[in-house]
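Observations on the model geometry
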Amino acid sequence: MGPEVEQRRDPWAPFRLWVALTIALFALRAVSITAPFAWLRALASIPGWVLLLMVMVALLLASIALLFPARIVPWREGEAGLWAEISEDWRHRWRRGSGRRGGGR
């Protein structure tokens, strides 16, 4: 495989990582409730709003991956970064949306 092989960025990777962390925290909290060690019982005091917030972030990451499925692009040295990718996505979306709305009467 030479340099012509494209490296692709998976839009679902952040979602999968965050869901794994959320499930691990849920599991630690569940195990720590019945744990015989006192230091593990401190994990049981994780507030419910923290877990709810983690689930909400997972939903946000999933919706981003669903809204922008075609943003798998090859990695190039010197790219502008995440903000440039987001603004480019919105430019494409507006350009695509304005063509549909403008012609039909």
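Anyway, here's the lowdown on the structure attached to this text. Everything numeric here is computed off the predicted structure, so don't read it as measured data.

**Examining the environment of Val31**
Looking at the secondary structure, you find Val31 in helix α1 (residues 13-33). Taking C-alpha positions, Val31 is 8.2 Å from Ala44, a pair spaced 13 residues apart along the chain.

**Here's the deal with α1**
Its 21 residues place the ends of α1 31 Å apart at the C-alpha level, agreeing with the 30 Å of an ideal helix rising 1.5 Å per residue. Within the sequence span of α1, burial applies to Thr22, Leu25 and Ser32. The arc that holds the buried residues of α1, viewed along the axis, is 100°, so those residues lie on one side. Those residues of α1 that are exposed and angled more than 90 degrees off the buried face are Ile23 and Val31.

**What to know about the side chain of Thr22**
Following the sequence through the fold, Thr22 ends up in helix α1. Judged by its relative accessible area of 6%, Thr22 is buried. A distance of 2.8 Å separates a polar side-chain atom of Thr22 from the backbone oxygen of Trp18. Contact partners of Thr22, with chain neighbours within four places excluded, come to Met54 and Val55.

**Re the packing of aromatic side chains**
Applying the stated criterion to the full structure yields 1 aromatic pair. With a centroid separation of 5.5 Å and 80° between ring planes, the pair formed by Trp12 and Phe15 is classed as edge-to-face. When its relative accessible area of 27% is taken as the criterion, Trp12 is described as partly exposed. One cation-aromatic arrangement involves Arg93 over Trp90; the distance from NZ or CZ to the ring centre is 5.9 Å.

**Let's talk about the environment of Leu60**
The topology assignment puts Leu60 in helix α3 (residues 48-67). With relative accessibility at 48%, the residue Leu60 sits in the partly exposed group. Residues Leu60 and Phe15, 45 residues apart in the sequence, show an inter-C-alpha distance of 8.6 Å.

**What about the packing of α1 against α3?**
One way to put it is that α1 packs onto α3 with a least axis distance of 9 Å and a crossing angle of 160°. Compared by their axis directions, α1 and α3 come out roughly antiparallel. Between α1 and α3 the crossing geometry is left-handed. Side by side, α1 and α3 meet where Pro14, Phe15, Trp18, Val19, Leu21, Thr22, Leu25, Phe26 and Arg29 of the first sit next to Leu51, Met54, Val55, Val57, Ala58, Leu61 and Ala62 of the second. Taken together, the residues that form the contact of α1 with α3 break down as 14 nonpolar, 1 polar and 1 charged.

Scoring rules and cut-offs
- Residues numbered from 1 in each chain as written.
- Predicted model: local features only at pLDDT ≥ 70, side-chain atom pairs only at ≥ 80, totals over all residues.
- Heavy atoms only, no water.
- Helix = DSSP H or I, 4+ residues; strand = E, 2+ residues; numbered from the N terminus.
- Expected span 1.5 Å × (residues − 1).
- Buried < 20%, exposed > 50% of the residue type's maximum accessible area, 1.4 Å probe, protein only.
- Arc of directions from axis to C-beta.
- Polar contact = N/O pair within 3.5 Å; in protein donor to acceptor, adjacent residues only side chain to side chain.
- Contact = heavy atoms within 4.5 Å.
- Phe/Tyr/Trp six-rings, centres within 6.5 Å; stacked < 30°, edge-to-face > 60°.
- Lys NZ or Arg CZ within 6 Å of the ring centre and 35° of its normal.
- Axes fitted to C-alpha atoms, helices over the stretch in contact; angles between N-to-C directions.
- Parallel < 35°, antiparallel > 145°, perpendicular 65-115°, else oblique.
- Left-handed = near helix turned anticlockwise from the far one by under 90°.
- Nonpolar A, V, L, I, M, F, W, Y, C, P; charged D, E, K, R; others polar.

Without other data, these values stay purely geometric and don't point to any function.
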